[in-house]
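Chain by chain, the residues:
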Amino acid sequence: AMFDSLTNIKFNWYIFAGIAVLILLLKPDISPWCFIALLIGIHQFMLIFYAFKYIIPVRYIAGAFMSLQMLIGPSFAYLGLDSAQYFKYRMQVSEVEYFSYAIPATICFILGLHFFSKLKGEIVNQQAIKDYVAQNPTLAYLFIVIGVFNSIAADFFGPGLGFVLYLIGSFKFAGAFLLIIGSPRLKPLPLTLVFGSIILSTLQKAMFHDLVTWLIFILAVFALRYKPKDYVKLAFAIGLIAGVAVIQQLKASYRTATIAQGKAGDVEAFDDAFDEMQTSGGFFEKANLAKHNVRINQGFILTNVLRHVPYRTAFAHGQELYQILEAAFLPRILAPNKLDAGDKTLVFKYAGISLRKHTSMSLGSMADAYINYGRTGGCIFMFALGLFFNLVLMWFYNMGKKFPIIILFVPMAFYFPIRPDTALQTGLGHLVKCTFLIWVVFTYWAHIFETRLKILKKPDSSELSV
């Protein structure tokens with residue numbers, strides 16, 4: 001019962017075992033460390049697959065993303081891609097030294113996510129939402145208009161007000177989700193406006209992580225409505241994996257063209273990046289695979305930290321974490337000297353990596369955990385981080401008893417914090433401020449968001465059993 005959302009679910013262990021055997025057949029000399037790391041990652045991604053059509057799987061996505069960046073990417077590096085990697089981006093410590101921390105830390109994070117969770121905050125009462133949309137047919141459109149307007153306006157203001165407008169801009173996704181689940185028929189025009197806006201924003205700002213994360217959440221909501229068969233989900237999964245692989249390969253060239261060379265962020269620039277990839281040997285050329293594996297390998301930064309702390313820089317003993325929590329929880333008016341989003345000083349201090357002007361890099365939560373508390377304490381911290389995400393989801397669940405539609409705002413709060421490559425202070429700051437904004441909106445306008453039905457149909461038992 002303690003971790004029932006990890007164990008008491010529909011899961012095909014025969015397929016999982018088949019994949020494990022296939023890995024051993026393809027790579028018989030694989031080390032036990034890489035083998036275990038890959039299996040943990042595969043397990044987490046399979047959980048997402050089986051959860052689609054039942055819930056919005058925030059916990060499974062968080063576990064899969066952590067496994068991708070801290071276990072799968074590093075495994076690919078150790079299994080041979082590092083031999084073709086630029087030396088600064090190679091893993092800096094041995095497999096044993098790295099995985100003996102990264103594997104238990106990832107497991108602890110996943111256990112924290114699922115500690116007595118029962119998938120609270122992820123189960124959507126679809127009938128209640130249909131009833132609410134029927135009673136309030138214009139509200140979804142209002143969310144979309146407000147969201148699109150604020151997304152555009154956010155670019156014209158500084159980081160303080162601009163961030164608030166950026167958060168409000170995410171309301172457009174909640175509006176779209178209301179239409180997907182609550183409307184008798186799909187509304188192509190408003191949905192195209194919302195989903196087109198994220199594609200346009202991605203091309204302009206080259207922020208492909210946003211596109212991929214939102215795409216997963218969008219597909220999860222569509223799956224709630226249409227309840228696709230496994231073969232349909234498999235087709236979408238293959239297409240999504242192929243699309244993400246292409247994006248990962250092209251992202252560096254595209255960013256160079258749009259940011260460094262000043263080209264317009266559009267389809268033509270993306271096409272130029274594709275042509276450049278083809279002329280450099282294609283998608284499956286080892287040097288290209290190695291160069292782009294680093295984009296799903298947050299572990300290489302952790303290896304720099306493991307090599308640097310405590311040998312060149314002492315453990316922080318909570319001091320660095322205090323800076324992070326100060327940046328996440330306190331407004332700048334109360335903490336004028338707090339860390340900025342994307343602050344590079346910590347990367348240099350604790351990893352010894354000097355970053356160029358346009359290079360974005362952060363230590364990540366697992367490195368921050370080690371810097372402050374070492375290996376054992378770092379694993380405990382990762383459990384606490386997963387538990388914090390878990391508790392926020394439980395808060396959404398409790399609020400959902402009064403406001404059923406609030407569950408559709410969960411992706412808005414979590415799409416950024418669940419990415420392991422983001423700075424911990426930035427991810428926590430987003431989660432705290434976004435959740436506070438949602439609380440303010442639903443509390444102040446409670447009379448609008450409360451359902452007026454005296455009796456709500458409870459979710460079917462089939463919708464609760466994943």
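First, a word on scope: everything that follows refers to the structure included in this document.

Reading the values: rules and limits
- Residues numbered from 1 in each chain as written.
- Predicted model: local features only at pLDDT ≥ 70, side-chain atom pairs only at ≥ 80, totals over all residues.
- Heavy atoms only, no water.
- Phe/Tyr/Trp six-rings, centres within 6.5 Å; stacked < 30°, edge-to-face > 60°.
- Helix = DSSP H or I, 4+ residues; strand = E, 2+ residues; numbered from the N terminus.
- Buried < 20%, exposed > 50% of the residue type's maximum accessible area, 1.4 Å probe, protein only.
- Lys NZ or Arg CZ within 6 Å of the ring centre and 35° of its normal.
- Polar contact = N/O pair within 3.5 Å; in protein donor to acceptor, adjacent residues only side chain to side chain.
- Contact = heavy atoms within 4.5 Å.
- 1 Å grid on protein atoms, 1.4 Å probe; cavity = no way out; pocket = protein on both sides within 12 Å on 5 of 7 lines; lining within 4 Å.
- Points joined across faces, edges and corners; volume = space filled by probe spheres on them.
- Core = buried A, V, L, I, M, F, W, Y, C linked by side-chain atoms within 4.5 Å.
- Patch = residues over 30% accessible without salt bridge, like charges linked within 9 Å, V, L, I, M, F, W, Y side chains within 5 Å.
- Areas by Shrake-Rupley, 256 points an atom, 1.4 Å probe, with all protein chains shown as cover.
- Salt bridge = Lys/Arg side-chain N within 4 Å of Asp/Glu carboxyl O.
- Axes fitted to C-alpha atoms, helices over the stretch in contact; angles between N-to-C directions.
- Parallel < 35°, antiparallel > 145°, perpendicular 65-115°, else oblique.
- Left-handed = near helix turned anticlockwise from the far one by under 90°.
- Nonpolar A, V, L, I, M, F, W, Y, C, P; charged D, E, K, R; others polar.

### Describing the packing of aromatic side chains
One pass over the full model with this rule turns up 35 aromatic pairs. Summarising the aromatic geometry, the rings of W13 and F16 are spaced 5.5 Å apart at their centres and angled 85° between planes, so their arrangement reads as edge-to-face. You can see W13 and its partner F16 sitting in helix 2 (residues 13-26), three residues apart, about one turn around the helix. Measuring from ring centre to ring centre gives 5.3 Å for F315 and Y370, while their planes differ by 70°; the resulting arrangement is edge-to-face. Of the two residues, F315 sits in the loop between helix 15 (299-308) and helix 16 (319-329) while Y370 sits in helix 18 (residues 365-400), which places them 55 residues apart along the sequence. A residue is classified by how much of its surface remains accessible, and F315, at 26% relative accessible area, is partly exposed. Residue classification places Y370 among the buried positions, given a relative accessible area of 5%. These aromatic residues form a ring-pair network of at least three members: F143, F171, F403, F409, F442 and F449. If you follow K233 out to its NZ or CZ, it ends over the ring of F49, 4.9 Å from the centre.

### Some words on the side chain of E122
Residue placement: E122 occurs in the loop between helix 5 (95-114) and helix 6 (126-135). Exposure remark for E122: the relative accessible area of 0% places this residue in the buried category. At 2.7 Å, the side chain of E122 and the backbone nitrogen of V58 are in polar contact. Sequence-distant contacts of E122, defined by excluding residues within four places in its chain, comprise I55, I56, P57, V58, R59, Y60, L393 and I407.

### Description of empty space enclosed by the protein
The gaps of empty space that remain are located by a probe, the size of a water molecule, rolled over the atoms. Applying the stated criterion to the full structure yields two cavities of 30 Å³ or more. Looking at the largest cavity, its volume works out to about 110 Å³. In terms of lining, the largest cavity is formed by 14 residues, of which the most central are S365, L385, F389, P417 and R419. Of all elements in the fold, only helix 18 and helix 20 (424-444) reach the threshold of two or more residues within the lining of the largest cavity.

### Regarding the nonpolar core
Counting 141 residues, the largest nonpolar core has Y98, L363, F396, F414 and F442 as the members making the most contacts within it. For this core, the leading source of residues is helix 18, giving 14 residues. The contact partners of Y98, leaving out residues within four places of it in the chain, are M70, P74, Y78, M91, V93, G299, L302, T303 and L306.

### Overview of a nonpolar patch on the surface
Together, I152, F156, F157, L161 and V164 line one region of the surface with nonpolar side chains, adding up to about 520 Å² of accessible area. As for its position among the elements, F156 is in the loop between helix 7 (139-153) and helix 8 (159-169). Using a relative accessible area of 65% as the deciding quantity, one classes F156 as exposed.

### Examining the pattern of salt bridges
Applying the stated rule across the entire model yields six salt bridges. Put simply, D4 and K118 hold a salt bridge, and the shortest N to O gap is 3.9 Å. In this pair, D4 is assigned in helix 1 (residues 4-7) and K118 in the loop between helix 5 and helix 6, connecting sequence segments 114 residues apart. With relative accessibility at 16%, the residue D4 sits in the buried group. A salt bridge links K10 to D230; its shortest N-O distance comes to 3.8 Å. One end of the pair, K10, is in the loop between helix 1 and helix 2; the other, D230, is in helix 12 (residues 230-260), and 220 residues separate them in sequence. Assessed through its relative accessible area of 37%, K10 is described here as partly exposed. Three or more residues joined by partner-sharing salt bridges are found here, namely K10, D230 and K233.

### As for the environment of Y89
Structurally, Y89 is set in the loop between helix 4 (58-78) and helix 5. Linking Y89 and A77, residues 12 residues apart in sequence, is a C-alpha distance of 9.7 Å. Sequence-distant contacts of Y89, defined by excluding residues within four places in its chain, comprise D82, V294 and F300.

### Some points on the packing of helix 15 against helix 18
When two helices pack together, their arrangement is given by the angle between their axes and by how far apart the axes lie. One way to put it is that helix 15 packs onto helix 18 with a least axis distance of 9 Å and a crossing angle of 20°. It follows from the interaxial angle that helix 15 and helix 18 lie roughly parallel. As for the relative orientation of helix 15 and helix 18, their crossing is right-handed in sense. Contacts from L302, V305 and L306 in helix 15 reach M366, A367, Y370, I371 and R375 in helix 18. Along the lines of polarity and charge, the residues of the contact of helix 15 with helix 18 split into seven nonpolar, no polar and one charged.

### Structural notes on unusual backbone geometry
A cis amide bond, omega 5°, links V309 with the succeeding residue P310. On the secondary structure map, P310 appears in the loop between helix 15 and helix 16. You will see that K53, though not glycine, has its phi angle at about 95°, which is positive. By relative accessible area, which is 14% here, K53 ends up buried. At K227, a residue that is not glycine, the phi angle is positive and equals roughly 45°. Position of K227 among the secondary structure elements: in the loop between helix 11 (208-226) and helix 12. A residue is classified by how much of its surface remains accessible, and K227, at 32% relative accessible area, is partly exposed.

### Notes on helix 16
What helix 16 keeps buried is the set E320, L321, I324, E326, A327 and A328. Of the surrounding secondary structure, the elements contacted by the buried residues of helix 16 are helix 17 (345-351), helix 18 and helix 20.

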